[in-house]
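One letter stands for each residue in the lines below.
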Amino acid sequence: MKDRLYVEEIKQSISQLAPGWNYNSGCIEREFIFKDFAQAFGFMTSVAVIAEKLNHHPNWSNVYNKVYITLTTHDSGGITQLDFDFAKEVDQIA
């Protein structure tokens, strides 16, 4: 189990991510907008590879050209460093 981060640590860590990530209701979240469904789906496929590599799976959804990602470490009951590691890797492919 990973250690949950305190609010101050979350705010500091989120400031180091790409613009668009927000801290909301015990999660970090971001909306990604693409040209069309095919680009959005391709992005989701790449994110799935990251999820498997890190063994950390997001809550996410897709509506046409938009992908919504919400991250929290469920077995820790909050946000951990793993969520920020995941978000950084997602930012690199976005």
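Everything here concerns the structure above.
Residues numbered from 1 in each chain as written. Predicted model: local features only at pLDDT ≥ 70, side-chain atom pairs only at ≥ 80, totals over all residues. Heavy atoms only, no water.

(A) Inspection of the sheet that holds strand β4 (residues 66-71) at higher detail. Spatial strand order, β1-β2-β4-β3: four strands in an open sheet with antiparallel pairing. Among the strands making up the open sheet, the edge pair consists of β1 (22-24) and β3 (59-63). Between one strand and the next, the sheet's axes are offset by a mean angle of 25 degrees, whatever the strand orientation. One ladder, built from three bridges, connects β1 with strand β2 (residues 27-33); its direction is antiparallel. By the bridge assignment, Asn22 is partnered in β2 with Glu29. Contacting β2, β3 and β4, helix α2 (residues 37-54) runs over the sheet at an angle of about 165 degrees to β3. Packed on one face of the sheet, helix α3 (residues 81-93) meets β2 and β4 and runs near 10 degrees to β2. (Pairing = 2+ DSSP bridges. Helix = DSSP H or I, 4+ residues; strand = E, 2+ residues; numbered from the N terminus. Axes fitted to C-alpha atoms, helices over the stretch in contact; angles between N-to-C directions. Contact = heavy atoms within 4.5 Å.)

(B) A look at a nonpolar patch on the surface. Where nonpolar side chains cluster on the molecular surface, the patch consists of Phe37, Phe41, Val63, Tyr64 and Tyr68 and spans about 510 Å² of accessible area. Note on placement: Tyr68 falls in strand β4. Classification of Tyr68 by relative accessible area gives partly exposed; the value is 31%. (Patch = residues over 30% accessible without salt bridge, like charges linked within 9 Å, V, L, I, M, F, W, Y side chains within 5 Å. Areas by Shrake-Rupley, 256 points an atom, 1.4 Å probe, with all protein chains shown as cover. Salt bridge = Lys/Arg side-chain N within 4 Å of Asp/Glu carboxyl O. Buried < 20%, exposed > 50% of the residue type's maximum accessible area, 1.4 Å probe, protein only.)

(C) Just the nonpolar core, in detail. Formed by 22 residues in total, the largest nonpolar core has its most connected members in Trp21, Ile28, Ile69 and Val90. Of all the elements in the fold, those that place two or more residues in this core are α1 (7-14), β2, α2, β4 and α3. Here this core gets six residues from one element, more than from any other, and that element is α2. (Core = buried A, V, L, I, M, F, W, Y, C linked by side-chain atoms within 4.5 Å.)

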